[in-house]
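Examining the three-dimensional arrangement
One-letter residues, chain by chain:
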Amino acid sequence: MLLEVKDLSLSYGDKRVLKNVSFSLNRGEVLCIVGESGSGKSSILLSIMGLLPKNAKLSGSILLEGKELLNLREEEYRKLRGKEIGIVFQEPSLYLDPLFKVKDQILEAYTAHFGKAGGEERVVEVLKKVGVQDVERVMNSYPHQLSGGLKQRVCIAIAVVCNPKLVLADEPTTALDLTVQRKILGLFTQLKEEGKGIILVTHDFGVVAEVADRVLVLKEGEVVEEGDVVSIFDAPKSPYTRALLSATYLKA
Ligand SMILES: Nc1ncnc2c1ncn2[C@@H]1O[C@H](COP(=O)(O)OP(=O)(O)OP(=O)(O)O)[C@@H](O)[C@H]1O
């Protein structure tokens, strides 16, 4: 088991955001977390990354290969982020620093854990891996000189440059055109085939159909359904899942 989340509960003051959420993830598996806006999807990812704001109260257990992450000290978390767990966000423009070239931003993520040696070669390697064709140009560009799809490829490169076992992604294709979305989703499938475990947060069942092995449906901070992707589509047990599905496919 790569990741095991047990009875995760989160609150901000009196507001309970996650209620006894449990799930697990194997290597070589994509778990999609779906649910309406505000259901707590992003909060699960931030809890795993240890990036919750100070006023958050978290309880339960998050085991990464058996190691408890809950209440880990910040300096220990820093050793883990990037190296063991990579994360990709929705809006690459907000994540990338406009003042630094792509190359330096990927290098920074690498050297934080492995030092300078071999960094330049690794940047080239990882950009190729995420499907960048003109590596030289992209490496030497500033983020604003790149298309949305390329920027997101760069963010994925940053997330995987240290070869983490676990990759988290929060609506990674929502800001992109449909044709670009499919290509980016293909990268997650590729990472899974390499044996990484992937958690992908989305509100889009089209994305789920494309990449998920298993699905966790969240409603107001509670898991209402969990299952393999085929059974979620063919025989959803919860009325909430059925409603989400029909909302998606009525729109389409
Ligand atoms: N720092 C915070 N302080 C108080 N409440 C917060 C804070 N961050 C998030 N929340 C609340 O926690 C709940 C869950 O938010 P979260 O972002 O995890 O949901 P989500 O399912 O990812 O939604 P979206 O799809 O809109 O991103 C929401 O009601 C949100 O308002």
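Residues numbered from 1 in each chain as written. Predicted model: local features only at pLDDT ≥ 70, side-chain atom pairs only at ≥ 80, totals over all residues.

As recorded in an unreviewed UniProt entry, the protein chain goes by the name Peptide ABC transporter ATPase, listed as coming from Thermocrinis ruber. UniProt annotates the protein chain under Subcellular location (unreviewed entry) with the comment "Cell inner membrane". Database annotation for the protein chain, UniProt heading Sequence similarities (unreviewed entry): "Belongs to the ABC transporter superfamily." (UniProt positions renumbered as here; feature names shortened; annotations may be inferred.)

**Let's talk about the overall build of the protein chain**
Within the protein chain, the regular secondary structure consists of 11 helices and 10 strands. At 18 Å, the protein chain has a C-alpha radius of gyration in line with the 18 Å of a compact globule built from 252 residues. Once the C-alpha set of the protein chain is aligned to its principal axes, its extents read approximately 50 × 45 × 30 Å. Counting every position in the protein chain, which comprises 252 residues, the buried fraction comes to 41%. Of all intrachain contacts in the protein chain linking residues separated by at least 6 positions in sequence, the fraction that spans at least 24 positions is 66%. (Helix = DSSP H or I, 4+ residues; strand = E, 2+ residues; numbered from the N terminus. Rg over C-alpha atoms; globule rule 2.2 N^0.38 Å. Buried ≥ 20, exposed ≤ 12 C-beta atoms within 10 Å, placed from the backbone. Contact = placed C-beta atoms within 7 Å.)

**Points about the sheet that holds strand 4 (residues 56-64)**
As a general point, the strands of a sheet are linked pairwise by backbone hydrogen bonds and lie either parallel or antiparallel. If you trace the four strands from one edge of the open sheet to the other, you get 2-1-4-5, paired in antiparallel fashion. The open sheet terminates on both sides in strands that have one partner only, identified here as strand 2 (15-25) and strand 5 (67-68). In the sheet, strand 1 (residues 3-12) pairs with strand 4 via eight bridges, with the strands oriented antiparallel. Among the inter-strand pairings, valine 5 is bridged to a residue of strand 4, identified as isoleucine 62. (Pairing = 2+ DSSP bridges.)

**Notes on the UniProt feature "domain: ABC transporter" (unreviewed entry) in the protein chain**
Residues annotated in UniProt with the feature "domain: ABC transporter" (unreviewed entry) correspond here to residues 3-245. For residues 3-245, the end-to-end C-alpha separation is 27 Å, with 40% helix and 27% strand making up the annotated structure.

**What about the site of the ligand?**
Taken together, the neighbourhood of the ligand is formed by 13 residues, with Tyr12, Ser37, Lys41, Ser42 and Ser43 sitting nearest. If you list the elements that add at least two residues to the shell around the ligand, you get strand 2 and helix 1 (41-49). Looking at the shell around the ligand, the element that brings in the most residues is helix 1, giving three residues. Residue classes in the shell around the ligand are distributed as three nonpolar, eight polar and two charged. (Near = placed C-beta within 6 Å. Nonpolar A, V, L, I, M, F, W, Y, C, P; charged D, E, K, R; others polar.)

**Here's the deal with the nonpolar core**
Grouped together as the largest cluster of nonpolar side chains are 72 residues, with contacts concentrated most on Cys32, Ile106 and Ala157. With eight residues, helix 7 (residues 148-160) is the single largest residue contributor to this core. When residues no more than four places from it in sequence are discounted, the contact partners of cysteine 32 are Leu200, Thr202, Val208, Val211, Ala212 and Val215. (Core = buried A, V, L, I, M, F, W, Y, C linked by C-beta atoms within 7 Å.)

**Section: the packing of helix 7 against helix 8 (residues 178-193)**
One way to put it is that helix 7 packs onto helix 8 with a least axis distance of 10 Å and a crossing angle of 15 degrees. The orientation of helix 7 relative to helix 8 falls into the category roughly parallel. Relative to helix 8, helix 7 is oriented so that their crossing is right-handed. Here helix 7 contributes Gly148, Gly149, Gln152, Ile156 and Val160 to the contact with helix 8, which in turn contributes Val180, Lys183, Ile184, Leu187 and Leu191. Here the contact of helix 7 with helix 8 is built from residues that sort into six nonpolar, three polar and one charged. (Axes fitted to C-alpha atoms, helices over the stretch in contact; angles between N-to-C directions. Parallel < 35°, antiparallel > 145°, perpendicular 65-115°, else oblique. Left-handed = near helix turned anticlockwise from the far one by under 90°.)

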